[in-house]
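Take a look at the letters that make up each chain.
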Amino acid sequence: MEQKIFGDYRLDLPTTKQYITIVFAPLSLPVKWSNIGLSADFIGQYFEAYFPEKEVSDRDITTGHEIKHSISYIANELMENAVKFNQDKALEISLRVRLGFEELIFVACNSVATEKLPSFEKFIHDLISGDPGELLIRRIEENARAGSSSKASGLGLLTIMNDYKAKVGWKFEAIPGKSEVGVVYTMVRLGFST
Amino acid sequence: MTDILTDDYSVKYDQASNSIICKGAFRLNGVAEYAPIAQLLTDVINQKPAEIILNLKELQFLNSSGINILSKFVIQVRQKGNIPMTVQGSKTIPWQSKSLQNLQKLMPTLKLDLEG
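If you're wondering where the values come from, they're calculated on a predicted model, not measured in any experiment. (Residues numbered from 1 in each chain as written. Chains lettered and ligands numbered in written order. Predicted model: local features only at pLDDT ≥ 70, side-chain atom pairs only at ≥ 80, totals over all residues. Heavy atoms only, no water.)

A. Here's a closer look at the sheet that holds strand β5 (residues 93-99) of chain A. All names here are of chain A. Read from one edge to the other, the open sheet built from 6 strands follows the order β1-β7-β8-β6-β5-β2, with strand pairing classed as antiparallel. Unpaired on one side and paired on the other, β1 (3-7) and β2 (19-24) mark the two borders of the sheet. Neighbour-to-neighbour, the strand axes of the sheet open up by a mean angle of 15°, direction not taken into account. With 9 bridges connecting them, strand β7 (residues 167-175) and strand β8 (residues 178-191) associate as antiparallel partners. (Pairing = 2+ DSSP bridges. Helix = DSSP H or I, 4+ residues; strand = E, 2+ residues; numbered from the N terminus. Axes fitted to C-alpha atoms, helices over the stretch in contact; angles between N-to-C directions.)

B. View of the interface of chain A and chain B. Each partner contributes to the interface: chain A provides 32 residues, whereas chain B provides 27 residues. Both sides of the chain A and chain B interface together cover about 2600 Å² of buried area, and 56% of this is carbon and sulfur. Inspection of the chain A/chain B interface yields 3 salt bridges. The residue R27 of chain B makes a salt bridge to D41 of chain A at a minimum N-O spacing of 3.1 Å. At the boundary of chain A with chain B, the tally comes to 13 residue pairs in polar contact (both at pLDDT 80 or more). Only α1 (33-48), β4 (59-62), α2 (63-85), α4 (132-146) and α5 (156-162) of chain A provide two or more residues apiece to the side of chain A that touches chain B. Top element by residues in the side of chain A that touches chain B is α2 of chain A. It accounts for 10 residues. (Contact = heavy atoms within 4.5 Å. Buried area = accessible area lost by both parts, 1.4 Å probe. Salt bridge = Lys/Arg side-chain N within 4 Å of Asp/Glu carboxyl O. Polar contact = N/O pair within 3.5 Å; in protein donor to acceptor, adjacent residues only side chain to side chain.)

C. Region of the structure containing the sheet that holds strand β1 (residues 4-5) of chain B. Residue and element names in this part refer to chain B. With mixed pairing, the 6 strands of this open sheet are ordered in space as β1-β2-β3-β4-β5-β6. Looking at the sheet topology across the chains shown, the edges are occupied by β1 and β6 (111-115). Two elements, β1 and strand β2 (residues 9-14), share 2 bridges in a ladder whose sense is antiparallel. When the sheet's bridge partners are listed, I4 is paired in β2 with V11.

D. How the structure looks around the side chain of S64 of chain B. Along the chain, the position of S64 of chain B falls in helix α2 (residues 64-80). Among the polar contacts listed, one links the side chain of S64 of chain B to the backbone nitrogen of G156 of chain A, at a separation of 3.5 Å. In this structure S64 of chain B touches Y73, E77, S153, L155, G156 and T159 of chain A, once residues within four positions along its chain are discounted.

E. Summary view of the pairing of β5 of chain A. All names here are of chain A. Of all 7 residues in β5, 5 are buried, a share of seventy percent or more. Both β2 and β5 contribute to a ladder of 6 bridges, which runs antiparallel. The partner of I22 across the bridge, within β5, is L95. Relative to strand β6 (residues 103-113), β5 runs antiparallel, the two sharing 6 bridges. (Buried < 20%, exposed > 50% of the residue type's maximum accessible area, 1.4 Å probe, protein only.)

F. Focus on the pattern of salt bridges. A complete count under the given rule lists 13 salt bridges over all chains for this structure. In this structure, a network of salt bridges that share partners links the residues D8, E103 and R189 of chain A.

Okay, structure coming up:
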């Protein structure tokens, strides 16, 4: 496996020179959970400045206010997942957020055990092959039945797809000289209109 | 029942109004860290209240693990069969307009009350 693409991952997006990247290097400094939310709020607030303060149709909130919260939610979920599932502490965990022409582009990066790839691919296949709204409700019901064994609820990406109407894709990359660990990039694209 | 109060969030049960009041930001790490909140919610159900009001009007942020916990609570209430439930929220908190309607899909009789 050199590289594999799943879902709505785009390799051909025009890049802007300005972006924010948060990098965690768990081997040099343990990740503080509270810093994930703090970073997410910072990213949300940073990009809010680029959005006009206008009324949104029937809701008493502004575009900037709404986009700030959406960015904060998505950035927080992507960083939480990347930290939870990162396999090799020697490898960096990161989240990069760019403001594109009609969308915000989030790319989270973490390492993953090669032996876990088949089950991860199945998870992705399930996510992208059904209706996210139905999958979300089904997953919530399953979690309620299953009790508390799982480390993650599996709801983060489903809420990003269903509640925030964002597009999600993944890229797996092999690391030269390492057969047991690879890198997964999770891309979320949040459209907006101004 | 013991209220939960931290720097980032609080959860209180007001027995007189059957209201569970959540404030702040719930961004805890998975099921284990949410256990005290989940326990408080279960304790409320076990008291067999005439109704349950979940007041989220000042809950600014909720991560997906928190959505999982609140959803599980709604399912527990649904399974009791006879406790009317209302979720109170605010339209000025964007995640609530986006995600709270999922709770109604879990329990169609649930009343969702989003203030402007």
